[in-house]
Amino acid sequence: MNKSIKTDDVIFNFFKQICDEKDDKKCVELGNNWINAMETNINNMEANLEEKDKIKHKEDIQNNRNHLNNLKGISSSEWKDYATKCMIEIMDHKL
């Protein structure tokens, strides 16, 4: 039996934690932690790209940064809506 942790499962569980959080402040904090982690991932990926690939993927990288910037400052209910949509998307891709 394969007991490896799958990335989708980790992400799904993180978003579930956002949805299940009863304390609005903690919910927003979890969401902001998500933004910070994704910004770090983007920065690390971009730093490891060769210059030609940075140019090739410039628009995608900027779109991801814009998406994260749009999440900054949203409320706990907005985070829960966003997390729910992400969980549904993950489940749809598992089928």
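Residue numbers restart at each chain and count upward from 1, following the sequence in its written direction. Residues qualify for local features only when their pLDDT is at least 70, as the model is predicted, and side-chain atom pairs are given and counted only at 80 or more; totals for whole chains, interfaces and linings, by contrast, use all residues. For the side-chain quantities, the full set of heavy atoms in the structure was used; hydrogens and water were omitted.

**Some details on the overall build of the chain**
Defined as follows: Comment: elements are numbered from the N terminus, with helices defined as DSSP H or I runs of at least four residues and strands as E runs of at least two. Partly exposed describes any residue whose relative accessible area lies between the buried limit of under 20% and the exposed limit of over 50%, with all areas from a 1.4 Å probe on protein chains only and scaled to the type maximum. Any pair of residues with heavy atoms lying within 4.5 Å of one another is described as a contacting pair. To measure how exposed things are, a 1.4 Å probe is used in the Shrake-Rupley method; for residues, cover is taken only from the protein chains shown. A residue counts as positive if it is Lys or Arg and as negative if it is Asp or Glu; His and the chain ends are not included. To locate a charge, take atom NZ for lysine, CZ for arginine, CG for aspartate or CD for glutamate.
A tally of regular secondary structure across the chain gives 5 helices and 0 strands. Referenced to the eigenvectors of the C-alpha coordinate spread, the extents of the chain come out at roughly 45 × 40 × 20 Å. Counting all 95 residues of the chain, 23% fall into the buried class. Of the contacts made within the chain by residues no fewer than 6 positions apart, 66% connect residues no fewer than 24 positions apart. On the chain, roughly 7,200 Å² of surface is accessible, and the fraction owed to carbon and sulfur atoms is 50%. Computing the positive centroid from 15 side-chain charges and the negative centroid from 18, the chain places the two 3 Å apart.

**Things to note about the pattern of salt bridges**
Quick reminder of the rule: In the sections that follow, a salt bridge refers to a side-chain nitrogen of Lys or Arg positioned within 4 Å of a carboxyl oxygen of Asp or Glu.
By the definition in use, this model includes 3 salt bridges. When the shortest N-O distance is used, the salt bridge between Glu39 and Lys72 registers 2.8 Å. Taken together, the residues Glu39 in helix H2 (residues 24-47) and Lys72 in the loop between helix H4 (58-71) and helix H5 (76-94) connect sequence positions 33 residues apart. With a relative accessible area of 22%, Glu39 lands in the partly exposed category. For Lys72, a relative accessible area of 40% corresponds to the partly exposed category.

**A look at the environment of Cys19**
Position of Cys19 among the secondary structure elements: in helix H1 (residues 7-20). A C-alpha to C-alpha distance of 6.5 Å links Cys19 and Ala83, two positions 64 residues apart in sequence. Look past the residues within four positions of Cys19 in its chain and what remains in contact with it is Lys80, Ala83, Thr84 and Met87.

**Some points on the packing of H1 against H5**
Just so we agree on the cut-off: For helices, the fitted line uses only the C-alpha atoms of the stretch in contact; every axis is such a line through C-alpha atoms, and the angle between N-to-C directions lies from 0 to 180 degrees. Orientation categories follow fixed angle ranges, with anything under 35 degrees roughly parallel, anything over 145 roughly antiparallel, 65 to 115 roughly perpendicular, and all other angles oblique. Here a crossing is called left-handed whenever its near helix is offset anticlockwise from the far helix by less than a right angle, and right-handed whenever the offset is clockwise. Amino acid classes used here: Ala, Val, Leu, Ile, Met, Phe, Trp, Tyr, Cys and Pro are nonpolar; Asp, Glu, Lys and Arg are charged; the rest, including Gly, are polar.
Axis separation between H1 and H5 bottoms out at 8 Å; the angle between their running directions is 150 degrees. Considered as vectors, H1 and H5 are oriented roughly antiparallel to each other. Crossing of H1 over H5 shows left-handed handedness. Counted together, Asp8, Asp9, Ile11, Phe12, Phe15, Lys16, Ile18 and Cys19 of H1 and Trp79, Lys80, Tyr82, Ala83, Thr84, Cys86, Met87, Ile90, Met91 and Lys94 of H5 form the full contact between these two elements. Of the residues in the contact of H1 with H5, the class split is 12 nonpolar, 1 polar and 5 charged.

**Overview of the confidence of the model for the chain**
Here is the rule we go by: What pLDDT expresses is the predictor's confidence in each residue, scored from 0 to 100.
Looking at the chain, pLDDT values average 92 and 94% of them are 70 or higher. The secondary-structure element of the chain with the lowest mean pLDDT is H1, recorded at 93, while H4 shows the highest, at 97.

**Some remarks on the packing of aromatic side chains**
Operational definition: Any pair of Phe, Tyr and Trp rings, taking the six-membered ring for Trp, is counted once the centres come within 6.5 Å. Such a pair is stacked with planes under 30 degrees apart, edge-to-face with planes over 60 apart, and tilted for the rest.
Applying the stated criterion across every chain, the model contains 5 aromatic pairs. Here Phe14 and Phe15 contribute two aromatic rings whose centre-to-centre distance is 6.3 Å and whose plane-to-plane angle is 70 degrees, an arrangement assigned as edge-to-face. The two residues Phe14 and Phe15 agree in class, both being buried. Aromatic side chains Trp79 and Tyr82 sit 5.7 Å apart centroid to centroid with 85 degrees between the ring planes, which places their arrangement in the edge-to-face category. Of this pair, Trp79 and Tyr82 both sit in helix H5, 3 residues apart, which is roughly one turn of that helix. The pair formed by Trp79 and Tyr82 is uniform in burial state, with each residue classed as buried. Aromatic ring contacts, followed pair by pair, group Phe14, Phe15, Trp34, Trp79 and Tyr82 into a single cluster.

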